[in-house]
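Examining the three-dimensional arrangement
Letter by letter, the chains look like this.
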Amino acid sequence: MKRAILLAQLIVFLVFSNIYASKVITKPVIGYEFEGKVVKVKKVPGFKKSKIIWWALDVKNKDGKRIEVRIAPVWLYHNIEIKNGDKVEIKGFIPPYWLKKGFNAIMACRIEDKNTDVIYDFSKIRKWCQKISFSKNTFPEFDVLSNFSTIKNVVIKGKVISVKKVLGIRKKRIWWALEIESAKDVYTIYIAPFHRFSTLTVSPGDKLLVKAYFPPKWEALKLENTYMACYIKDISNGVEIKLRKCY
């Protein structure tokens, strides 16, 4: 009786395994190997988990084409020993999830800085690096532009028109927000959820300097002149408010 039950369970498992396997994306993952010049070393939010900040490089090849190369989360390396202008040799790939979502970047398997001989090697850590073959002198090509390839940073200097409580952009919590009038336009600046600050030291009429950015996840919402604050300095009284890291 037990043998019959086990056999039936095995048949069910194989049937459902075949059904699931038929839905798995089997598009091959291509490995790229190329040389280029570092034009920018930067910190960017993760594609899947935007709260995890990554080290990344913008690299330009001899034809002038430019690509973003993701290295590793900043908690793994406090500093990166690669500088703007360095010549690098890169082996990397585009994860299937990134292809599906249209993220225009590659994940590094190995980066060698030809100027300093520094090597960042993830070939034994990242599973795809062990499965794919790398074609020399190949450079990624993308069909569409990615909204995640750049982070929009701004510095706004202006006068506070209003201090208000509003619903959050994505999660419907109550947030503090400011309306600031600069010489160019009027901006809405999200500060922080209400539970973080019971009151704000900012008042209408104050002159502020605000460092802010536009979160990638807001891109689809078509917001205009709306940003997330990273740092505020009240020029009227010298008070500084540090909120979050700008990228």
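Conventions used here
- Positions within a chain are numbered from 1, following the residues in the order the chain's sequence is written.
- Only residues with pLDDT of at least 70 are given local features in this predicted model, and only at 80 or more are side-chain atom pairs given and counted; all residues enter the totals for whole chains, interfaces and linings.
- Note: side-chain values were computed over all heavy atoms of the structure, leaving out hydrogens and water.
- What counts as a disulfide here is a pair of cysteine sulfur atoms lying within 2.5 Å.
- For the purposes of this entry, the term helix denotes a DSSP run of H or I that reaches at least four residues, the term strand denotes a run of E that reaches at least two, and both are numbered from the N terminus.
- We call a residue buried when its accessible area falls under 20% of the maximum for its residue type, exposed when it is over 50%, and partly exposed in between, using a 1.4 Å probe and counting protein chains only.
- At least two bridges found by DSSP between two strands are what make those strands a pair.
- Only residues whose relative accessible area exceeds 30% and that form no salt bridge enter a patch; like-charged residues are grouped when within 9 Å of one another, and nonpolar side chains (Val, Leu, Ile, Met, Phe, Trp, Tyr) when within 5 Å.
- All accessibility values rest on the Shrake-Rupley procedure with a 1.4 Å probe; residue burial counts only the protein chains present in the view.
- Just to be clear on terms, a salt bridge is a Lys or Arg side-chain nitrogen sitting within 4 Å of an Asp or Glu carboxyl oxygen.
- By the counting rule applied here, Lys and Arg register as positive and Asp and Glu as negative, while His and the ends of each chain are not counted.
- By convention, the point assigned to a charge is CZ for Arg, NZ for Lys, CD for Glu and CG for Asp.
- Between the rings of Phe, Tyr and Trp (Trp by its six-membered ring), a pair exists once the centres lie within 6.5 Å; its type follows the angle of the planes, with under 30 degrees stacked, over 60 edge-to-face, and the other angles tilted.
- For this analysis, a nonpolar core means a set of buried residues of the types Ala, Val, Leu, Ile, Met, Phe, Trp, Tyr and Cys, connected via side-chain atoms within 4.5 Å.
- When checking whether two residues touch, look at their non-hydrogen atoms; a contact exists if any pair is within 4.5 Å.
- Two N or O atoms form a polar contact when they lie within 3.5 Å of each other; inside protein one atom must be a possible hydrogen donor and the other a possible acceptor, and for residues adjacent in sequence the pair counts only when both atoms belong to side chains.
- The predictor reports its confidence for every residue as pLDDT, a score running from 0 up to 100.

Each disulfide consists of a covalent bond between the sulfur atoms of two cysteine residues. Under the defined criterion, the tally for this structure stands at one disulfide. Through a disulfide, Cys109 is tied to Cys129; the S-S separation comes to 2.0 Å. Negative torsions about the S-S bond denote left-handed disulfides, and the value of about -90° found for Cys109 with Cys129 makes this one left-handed. Within this pair, whereas Cys109 is found in strand β5 (residues 106-113), its partner Cys129 is found in helix α3 (residues 127-131), the two being separated by 20 residues in sequence. Looking at Cys109, the relative accessible area reads 1%, which means it is buried.

For the rest of this paragraph, the subject is the pairing of strand β1 (residues 31-45). Here β1 runs beside strand β7 (residues 134-136); their pairing, made up of three bridges, is parallel. Directly across from Gly31, in β7, lies its bridge partner Phe134. Pairing geometry for β1 and strand β4 (residues 87-93), over seven bridges, is antiparallel. In the sheet register, Glu35 faces β4, and the bridge partner there is Glu89. Here β1 runs beside strand β2 (residues 53-60); their pairing, made up of eight bridges, is antiparallel. Across the sheet, the residue bridging to Val44 is Trp54, located in β2.

A surface patch of positive charge is lined by Lys51, Arg170, Lys171, Arg173 and Lys217. Turning to its location among the elements, Lys217 is positioned in the loop between β11 (207-214) and β12 (226-234). Judged by relative accessible area, which is 38%, Lys217 ranks as partly exposed.

As a further point, take the packing of aromatic side chains. Applying the stated criterion across every chain, the model contains seven aromatic pairs. Note on Tyr77 and Tyr120: the rings are 5.1 Å apart at their centroids and 90° apart in plane angle, and the pair reads as edge-to-face. Taken together, the residues span a long stretch of sequence, with Tyr77 in the loop between β3 (66-73) and β4 and Tyr120 in strand β6 (residues 119-121) at a distance of 43 residues. According to the relative accessible area criterion, Tyr77 is partly exposed, its value standing at 25%. An angle of 45° between the planes, with centres 5.7 Å apart, marks the rings of Trp176 and Phe194 as tilted.

What follows deals with the nonpolar core. Ranked by size, the top nonpolar core spans 35 residues in total, and within it Val69 and Ile111 carry the most contacts. Going through the elements one at a time, β1, β2, β3, β4 and β5 are the ones with two or more residues in this core. With near-sequence residues (within four places) excluded, Val69 lies in contact with Trp55, Ala56, Leu57, Val59, Ile90, Ile106, Ala108 and Ile111. By size, the runner-up hydrophobic cluster in this structure holds 30 residues, among which are Val160, Trp175, Ala212 and Leu243.

Okay, the side chain of Asp86 next. For Asp86, the location among the structural elements is in the loop between β3 and β4. Put simply, Asp86 is tucked away with no salt bridge, and the nearest opposite charge, on Lys83, sits 6.4 Å away. At 3.1 Å, the side chain of Asp86 and the backbone nitrogen of Lys83 are in polar contact.

The next point concerns the confidence of the model for the protein chain. With 83% of its residues at a pLDDT of 70 or more, the protein chain shows a mean pLDDT of 81. For the stretch residues 5-27, pLDDT sits under 50, and the model shows zero contacts to residues farther than four places along the chain or on other chains. pLDDT under 50 marks residues 144-150. Its contacts with residues more than four places away, or in other chains, come to 11 contacts.

Moving on, we come to the pattern of salt bridges. As enumerated under the stated definition, the model contains nine salt bridges in all. Salt-bridge contacts for Glu35 lead to Lys87; the nearest nitrogen and oxygen are separated by 3.6 Å. Of this pair, Glu35 sits in strand β1 while Lys87 sits in strand β4; the two residues are 52 residues apart in sequence, bridging distant segments of the chain. Note on Glu35: relative accessible area 36%, which makes it partly exposed. Relative accessible area serves as the criterion here: at 42%, Lys87 is assigned to the partly exposed category. Three or more residues are tied together by salt bridges with common partners; here these are Lys42, Asp58, Arg66, Glu68 and Arg70.

Another aspect to go through is a nonpolar patch on the surface. A cluster of nonpolar residues, Ile52, Trp75 and Leu76, forms a patch on the protein surface that exposes about 330 Å² of accessible area. Tracing the sequence through the fold places Leu76 in the loop between β3 and β4. A relative accessible area of 42% means that Leu76 is categorised as partly exposed.

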